[in-house]
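# Structure assessment
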Amino acid sequence: MLFFPTVLCIVYIIVTFVRLFIGFLPMDKCNLESSTKLILDNRADISLDLRSRHKVQTCTSWRAPIIWEGMFDPQHYDQIHRKEGSSVALTVFAVGRYLEAYLETFLMSSEHYFMLGLPVSYYVFTDRPENVPNLELGPRRHLKVIKVEKYSRWQDISMMRMKIISDTIESDIRHHYTHVFCFDVDQVFTWRFGPEALGDSVALLHAYYYHLPKRMFTYDRNPKSKAYMETGDFYYHAAVFGGTWENVKSLTDSCYKDIMEDKLNNVEALWHDESHLNKYFWLHKPSRILSPEYCWDNKIGYRSDIQVFRLIWAPKHYEKLRTS
Ligand code: 5GW
Ligand code: MN
């Protein structure tokens, strides 16, 4: 008579203990026993601790890590990337009024926090090279200014970035740097943004969407656009993306091609280059994802899952900046 309830009780107790032991991890999406089954961009990734952050998703269904504070040993990444000779080209556009408004703060803050210890070159694209501030840079850090046209439509400034980055990788970056990171200029580094962020193909979770259900994602929903998608994995933010030069070249080529095809068909994707970027990462899964700790907007307010602010959105003054 008492046999069944007793067995049920024992099973329940065992299950409870096992769950407590493992922790209530958001692991349903990747179900890893150990991090050795991750996509490894680098030797250092073996040491990633996917279980150190309980309330957030730390890897994807295709086993790419999502990098959060506490999951990695910063010094370990510094050492291994230095040994392997990783080097980084950072591209940033400062066209029209964005030059005076943001560039100096962006670069100065980057000198304090971005990939310290590795060779870094800034590739600054602007319509007024003579107005780029003259900054003293750290050792093995360089700045190159490249003149670009100022398109009259701001949507075009934003979208032409893809073409210009691709051309610069081909003519210059590929001969000197292993990795490329592409940034919006209207942001400020406020904490370490180090080699733990380097990978073959790197996307960033958008601060406003990372905790929302997929149906809220603002993908392009117009079937006439090449950026059209019904569903996706995450909503990525175009303010930061990167990877090896080979992968960033493929990404920028592909997005540019799709943007041009849309133009021929007289359509423009909902969020311009960001819509195309989201489509690209849906079809070509990133090997590494950065948590919104890598690009946060303080306007969102306190959230317990955001433990550090590595890069924050600068205040936007669209009324002043977007009139030419
Ligand atoms: C100007 C008006 C509207 C939209 C973009 C621009 C603009 C963008 C510009 O006049 N000059 C310029 O250099 N940009 C570059 O494109 C900056 O690097 C900027 O960070 C990036 C994306 O534009 P954002 O930052 O205004 O777009 P959201 O998505 O951050 O609002
Ligand atoms: Mn921006």
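Treat the numbers as computed from the prediction; the structure is a model and nothing was measured. (Residues numbered from 1 in each chain as written. Chains lettered and ligands numbered in written order. Predicted model: local features only at pLDDT ≥ 70, side-chain atom pairs only at ≥ 80, totals over all residues. Heavy atoms only, no water.)

## Concerning the confidence of the model for the protein
Confidence in the prediction of the protein, expressed as mean pLDDT, is 92, and 91% of residues score 70 or more. Low pLDDT (under 50) marks residues 22-28, which in the prediction has 13 contacts with non-local residues, meaning those over four places away or in another chain. (pLDDT = per-residue confidence, 0-100. Contact = heavy atoms within 4.5 Å.)

## Quick look at the coordination of the manganese ion (ligand 2)
The manganese ion (ligand 2) binds to the protein through Asp184 (OD), Asp186 (OD) and Asp186 (OD); the donor distances cover 2.1 to 2.5 Å. Judged by relative accessible area, Asp184 falls into the buried class, the value being 19%. (Donors = N, O, S within 2.8 Å, 3.2 Å for Na, K, Ca; no water. Buried < 20%, exposed > 50% of the residue type's maximum accessible area, 1.4 Å probe, protein only.)

## Digging into the pairing of strand β2 (residues 88-93)
Along β2, 6 of the 6 residues are buried, which leaves the element largely enclosed by surrounding structure. Where burial is concerned, the two faces of β2 agree: the one with Val88, Leu90 and Val92 and the one with Ala89, Thr91 and Phe93 are both buried. Where β2 meets strand β3 (residues 120-126), 6 bridges bridge the pair, whose relative direction is parallel. Across the sheet, the residue bridging to Val88 is Val120, located in β3. Handedness of the crossover joining β2 and β3 through helix α3 (residues 98-113): right-handed. Where β2 and strand β5 (residues 179-183) come together, 5 bridges link them in parallel fashion. Across the sheet, the residue bridging to Leu90 is Phe181, located in β5. (Helix = DSSP H or I, 4+ residues; strand = E, 2+ residues; numbered from the N terminus. Pairing = 2+ DSSP bridges. Right-handed = clockwise from strand over helix to strand, strands pointing away.)

## Here's the deal with the side chain of Ser87
Here Ser87 is to be found in the loop between α2 (74-84) and β2. Judged by relative accessible area, Ser87 falls into the buried class, the value being 7%.

## Some points on the packing of aromatic side chains
The way to describe two aromatic rings as a pair is by their centre distance and the angle between their planes. Per the stated rule, a full pass over the model turns up 27 aromatic pairs. Both rings, one in Phe114 and one in Phe183, keep their centres 5.5 Å apart while their planes meet at 90°; by these two values the pair is edge-to-face. In this pair, Phe114 is assigned in the loop between α3 and β3 and Phe183 in strand β5, connecting sequence segments 69 residues apart. The residues Phe114 and Phe183 share a single accessibility class, namely buried. Between Tyr219 and Tyr235 the ring centres are 5.9 Å apart and the planes differ by 40°, which places this aromatic pair in the tilted class. Of the two residues, Tyr219 is situated in the loop between β7 (201-204) and β8 (240-244) and Tyr235 in the loop between β7 and β8; the sequence distance between them amounts to 16 residues. Residue classification places Tyr219 among the buried residues on the basis of a relative accessible area of 2%. Judged by its relative accessible area of 2%, Tyr235 falls in the buried class. (Phe/Tyr/Trp six-rings, centres within 6.5 Å; stacked < 30°, edge-to-face > 60°.)

## Notes on the pairing of β7
Side chains Ser201 and Ala203 of β7 all project onto a buried face; the interleaved residues Val202 and Leu204 project onto the opposite face, where all are buried too. Here β7 runs beside β8; their pairing, made up of 2 bridges, is antiparallel. Each bridged residue has a counterpart across the sheet, and for Val202 the counterpart in β8 is Gly242.

## Comments concerning helix α5 (residues 245-264)
An ideal rise of 1.5 Å per residue puts 28 Å on 20 residues; α5 measures up with 28 Å between its terminal C-alpha atoms. For α5, every residue scored as buried is listed here: Trp245, Val248, Lys249, Leu251, Thr252, Cys255, Tyr256, Asp258, Ile259 and Asp262. In this structure, the buried residues of α5 make contact with α4 (154-176), β5, β8 and α6 (273-283). One or two positions beyond α5, positive phi appears at Asn266, with a value near 60°. (Expected span 1.5 Å × (residues − 1).)

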